[in-house]
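Spelled out, the chains give:
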Amino acid sequence: MKEKEQLVVEAIKNGTVIDHIPTDRTLQIVDLLTDPDDCYFLGVNLGSTSVGKKGIVKLQDKVLTKSNLEILSALAPQATMNIIKDFKIVDKMKLQIPDEVIKVFVCPNTRCITNHEVIDSRFRLGNGEHTCAYCERSFSVDRLRTHPSHGPHS
Amino acid sequence: MDSLKSIQHIISIKDFNRQQIVDILELAIRFENLRDDRLKGCVLGTLFFEPSTRTRLSFEAAMLQLGGKVLGFADASVSSAKKGESLADGIRVSSSYVDILVLRHPLDGAARLASEHSSVPVINGGDGANQHPTQTFLDLYTITKSHPELLKGEPLKVAMLGDLRYGRTVHSLIRALTHFNVSFRLISPESLKLPDTYIDFLDRENIEYDACQKIDDALEDVDVLYATRIQEERFPDPVEYNRVKKAYHLTPDTLKGVREGFQLLHPLPRIQEISPKVDALPQAAYFGQASNGVPVRKALLSLLLGKI
């Protein structure tokens with residue numbers, strides 16, 4: 001399988017490889033973590049024993065910021081991250097899932113105060129669901145849209 | 001009462017653990033029929049952006065019976081919100097005029113936001129379809145007055161009837177009761193079922209429950225029936241409201257054969273879900289329940305103002 005991945009996803013010289021992303025969240029994560037000029041490679045629907053079909057993203061010459069890591073942890077807590085230098089893995093990292101993420105998601109509850117006042121949304125993570133700290137409703141990650149400030153062109 | 005020292009605001013029943021709930025219920029007993037001047041010099045601000053009768057009046061009565069004063073509004077159209085002022089700004093300003101605030105607001109989470117911008121304690125008097133914690137405390141107070149064994153770990157079966165989807169009193173009460181040895185029967189039309197998030201919660205906590213749509217034969221093994229109004233104002237679709245608005249009508253016949261000590265509760269107002277003929281029955285506990293709002297709110301006001 002590894003050999004097949006290497007055929008479809010180009011190796012990078014320096015940068016970050018994010019592996020074991022649930023395949024249906026791969027494009028969303030790319031969208032959120034990259035800028036328009038970034039160079040990256042991605043694969044989706046690759047086989048994985050841990051998450052079923054998985055996605056992989058290779059970000060050329062890019063190190064994730066703390067904010068990037070929060071988004072990634074909230075969207076794909078089971079993902080792994082490798083830091084690449086001169087085509088070699090120099091650091092392997094597991095994501096630290098934060099207790100709470102601020103201004104990452106938009107609350108899907110249209111009656112939530114966060115959709116009516118200029119305030120940062122806050123979601124608590126846990127039990128496979130994210131819970132709005134204001135309206136107290138819980139949502140699966142699939143139902144959450146990310147905050148416009150995390151868009152690729154923000 | 002050490003468990004209560006950390007409480008600064010009353011926003012959601014989820015913020016309270018079992019010991020805190022028990023201590024608040026015991027505190028409320030001390031305020032039953034009590035009138036004194038412990039809150040003299042204190043001012044309660046009542047910010048009601050949505051209509052309310054019982055909650056607002058019982059907060060005002062509680063404050064006045066303890067020597068405090070009240071100012072505020074009961075109609076959002078007379079507040080600066082009408083001019084477009086944000087809730088956060090409104091709270092910053094009004095909290096500088098008073099010693100404690102009670103807020104009712106149509107949007108979910110408004111009370112939590114208010115507590116983040118207020119310089120004084122905030123009590124949630126109902127935020128949209130989310131929480132109404134003081135109602136929950138008075139519901140629990142009413143139940144434990146008749147069923148004190150609940151606080152000692154004895155089992156109790158509670159049926160929830162009516163609007164289990166949008167009813168914030170139902171959501172808050174279910175969550176609070178799960179701290180005790182309670183099983184549930186959920187009786188509602190299909191379209192007003194308890195939301196999945198609460199069903200998942202009951203499953204996670206291994207709480208016993210069953211669900212049905214009809215009330216026939218559903219009360220024989222029940223100790224407390226918590227009936228609710230089908231709330232027109234929460235329905236996005238008026239057609240659906242018209243379809244279910246008369247789903248339940250409790251009469252003396254409905255209550256035949258219920259257990260000894262059975263209580264019928266309702267947060268009021270009732271529309272047609274309970275016949276006035278039920279009012280005279282010993283099981284009808286809803287008017288006493290509304291009265292219990294005063295000692296419970298006296299206890300909560302005194303607690304937050306450091307006067308217990």
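Counting restarts for each chain, with residues numbered from 1 along the sequence as it is written. Chains and ligands are labelled sequentially in the order written, the chains with letters from A and the ligands with numbers from 1. Side-chain atom pairs in this predicted model are given and counted only at pLDDT of 80 or more, local residue features only at pLDDT of at least 70, and totals for whole chains, interfaces and linings cover all residues. Calculated side-chain values reflect all of the structure's heavy atoms, with hydrogen atoms and water omitted.

### Let's talk about empty space enclosed by the protein
Residues and elements named next belong to chain B.
And step 1. Both site types are read off a 1 Å grid over the protein atoms alone. A 1.4 Å probe that fits but cannot get out defines a cavity, while an open set with protein on both sides within 12 Å along at least five of seven lines defines a pocket; lining residues have an atom within 4 Å of a point. Grid points are joined across faces, edges and corners, and a volume is the space filled by probe spheres set on the points. This structure, assessed with the given rule, holds 1 cavity of 30 Å³ or more.
And step 2. One number sums up the size of the largest cavity: a volume of about 40 Å³.
And step 3. Around the largest cavity, the lining residues are Gly162, Thr228, Ile230, Val244, Lys245, Lys246, Ala247, Tyr248, Gln272 and Glu273.
And step 4. Following the grouping adopted for this structure description, the nonpolar residues are Ala, Val, Leu, Ile, Met, Phe, Trp, Tyr, Cys and Pro, the charged ones are Asp, Glu, Lys and Arg, and the polar ones are all others, Gly among them. Considered class by class, the residues forming the lining of the largest cavity number 4 nonpolar, 3 polar and 3 charged.

### What about the layout of surface pockets?
Taking a probe equal in size to a water molecule and rolling it over the atoms shows the remaining empty space.
And step 1. Volume-wise, the largest pocket comes out at about 1,300 Å³.
And step 2. Along the wall of the largest pocket there are 47 residues; nearest its centre are Glu136, Arg137 and Ser138 of chain A together with Thr197 and Tyr198 of chain B.
And step 3. A helix here means a DSSP run of H or I that spans at least four residues, while a strand means a run of E at least two residues long, and both kinds are numbered starting from the N terminus. When residues of the lining of the largest pocket are traced back to their parent elements, those giving at least two are β8 (122-126), β9 (129-132) and β10 (138-140) of chain A together with α6 (168-177) and α7 (196-204) of chain B.
And step 4. An automatic or database domain assignment is the source of the domain bounds shown. When residues are assigned to domains, the lining of the largest pocket turns out to be shared by domain 1 (2-131 + 292-304) and domain 2 (133-291) of chain B, each giving three or more.

### Section: the nonpolar core
And step 1. Throughout, nonpolar core names a set of buried Ala, Val, Leu, Ile, Met, Phe, Trp, Tyr and Cys residues whose side chains join them through atoms within 4.5 Å. Per-residue accessibility, obtained with a 1.4 Å probe over protein chains only, is compared with the maximum for each type, and a residue is labelled buried under 20%, exposed over 50%, and partly exposed between these values. By size, the foremost hydrophobic cluster in this structure holds 60 residues, and its most contacted members are Phe137, Met160, Leu177, Phe184, Leu194 and Leu301 of chain B.
And step 2. Not counting the four nearest positions on each side in its chain, leucine 194 of chain B is found in contact with Leu164, Val170, His171, Ile174, Leu186, Ile199 and Leu202 of chain B.
And step 3. Listed in part, the 50 residues of the second largest apolar core include Leu59 and Phe139 of chain A together with Val43 and Ala110 of chain B. Note on definitions: a residue-residue contact is assigned when non-hydrogen atoms from the two residues lie within 4.5 Å.

### Observations concerning the pairing of strand β5 (residues 88-94) of chain A
All names here are of chain A.
And step 1. When DSSP finds two or more bridges between two strands, those strands count as paired. Here strand β4 (residues 80-85) pairs with β5 via 6 bridges, running antiparallel. Residue pairing across strands places threonine 80 opposite lysine 94, the latter belonging to β5.
And step 2. Taken together, β4 and the strand that follows it, β5, pair antiparallel across an intervening segment of 2 residues, in which aspartate 86 is found at a positive phi of about 50°.

### Here's the deal with the domain arrangement of chain B
All names here are of chain B.
And step 1. Domain parsing of chain B yields domain 1 (2-131 + 292-304) and domain 2 (133-291).
And step 2. Between the C-alpha centres of domain 1 and domain 2 the distance comes to 25 Å.
And step 3. The interface is formed by 34 residues belonging to domain 1 together with 29 residues belonging to domain 2.
And step 4. Taken together, both faces of the contact between domain 1 and domain 2 bury some 2,700 Å²; the carbon and sulfur share is 60%.
And step 5. Salt bridges are identified by distance alone: a Lys or Arg side-chain nitrogen within 4 Å of an Asp or Glu carboxyl oxygen. A salt bridge links lysine 145 to glutamate 32; its shortest N-O distance comes to 3.4 Å.
And step 6. Polar contact criterion, stated in full: a pair of N or O atoms within 3.5 Å, where within protein one must be able to donate a hydrogen and the other to accept it, and residues adjacent in sequence count only if both atoms are side-chain atoms. Summed over the shared surface of domain 1 and domain 2, the result is 15 residue pairs in polar contact (both at pLDDT 80 or more).
And step 7. Only α1 (18-31), α2 (54-65), β4 (122-127) and α10 (293-304) provide two or more residues apiece to the side of domain 1 that touches domain 2.
And step 8. With 7 residues, α1 is the largest single contributor of residues to the side of domain 1 that touches domain 2. Accessible surface is computed with a 1.4 Å probe, and the buried area is the amount of it that two parts give up when combined, taken over both parts together.

### Looking at α10 of chain B
Residue and element names in this part refer to chain B.
And step 1. By this rule the span expected of a helix is its residue count minus one, scaled by 1.5 Å. Over its 12 residues, α10 extends 16 Å from the first C-alpha to the last, a length consistent with the 16 Å expected when each residue adds 1.5 Å.
And step 2. Among the residues of α10, Gly293, Val294, Pro295, Val296, Arg297, Lys298, Ala299, Leu300, Leu301, Ser302, Leu303 and Leu304 are the ones counted as buried.
And step 3. Glycine 306 sits one or two positions beyond α10 and adopts a positive phi of about 70°.

### Some points on the sheet that holds strand β6 (residues 182-187) of chain B
Residue and element names in this part refer to chain B.
And step 1. Strand order in this open sheet of 5 strands is β7-β6-β5-β8-β9, and the pairing throughout is parallel. The sheet is open, and its two borders are formed by β7 (209-212) and β9 (263-265), each paired with just one other strand. Here the strands of the sheet are splayed against their neighbours by 20° on average, with no regard to which way each runs.
And step 2. Alignment of β6 against β7, held across 4 bridges, turns out to be parallel. Bridging from a neighbouring strand, arginine 185 pairs with aspartate 210 of β7.
And step 3. Here an angle of 0 to 180 degrees is reported between the N-to-C directions of two axes, which are lines fitted to C-alpha atoms, with helices fitted over the stretch in contact. Relative to β9, helix α5 (residues 133-146) is tilted by about 170°, and along the sheet it contacts β5 (156-161), β8 (224-227) and β9.
And step 4. Along the sheet, α6 contacts β5, β6 and β8; its crossing angle with β5, the most-contacted strand, is approximately 165°.

### Some remarks on the sheet that holds β8 of chain A
Backbone-to-backbone hydrogen bonds join strands into a sheet, with any given pair of strands oriented parallel or antiparallel.
Residues and elements named next belong to chain A.
And step 1. Pairing is antiparallel in the open sheet, where 4 strands are placed in the order β6-β8-β9-β10. Here the strands that pair on one side only, and so sit at the sheet edges, are β6 (100-102) and β10. Across the sheet, the mean angle from the axis of one strand to that of its neighbour is 30°, orientation sign disregarded.
And step 2. Alignment of β8 against β9, held across 4 bridges, turns out to be antiparallel. Looking across to β9, one finds that leucine 125 is bridged to histidine 130.

### Side note on the pattern of salt bridges
And step 1. According to the stated counting rule, one finds 24 salt bridges over all chains in the structure shown.
And step 2. Two residues, arginine 137 of chain A and aspartate 108 of chain B, come together in a salt bridge whose shortest N-O distance is 3.6 Å. One end of the pair, arginine 137 of chain A, is in the loop between β9 and β10; the other, aspartate 108 of chain B, is in the loop between β3 (100-105) and α4 (110-117), on a second chain.
And step 3. Note on arginine 137 of chain A: relative accessible area 36%, which makes it partly exposed.

### Observations concerning the interface of chain A and chain B
And step 1. Of the residues lining the interface, 16 residues belong to chain A; the matching set on chain B comes to 19 residues.
And step 2. Counting across the interface, chain A meets chain B through 4 salt bridges.
And step 3. Lysine 14 of chain B is paired through a salt bridge with glutamate 136 of chain A; the nearest N and O atoms lie 3.3 Å apart.
And step 4. Run the count over chain A and chain B and you get 12 residue pairs in polar contact (both at pLDDT 80 or more).
And step 5. Broken down by class, the residue content of the side of chain A that touches chain B amounts to 6 nonpolar, 4 polar and 6 charged.

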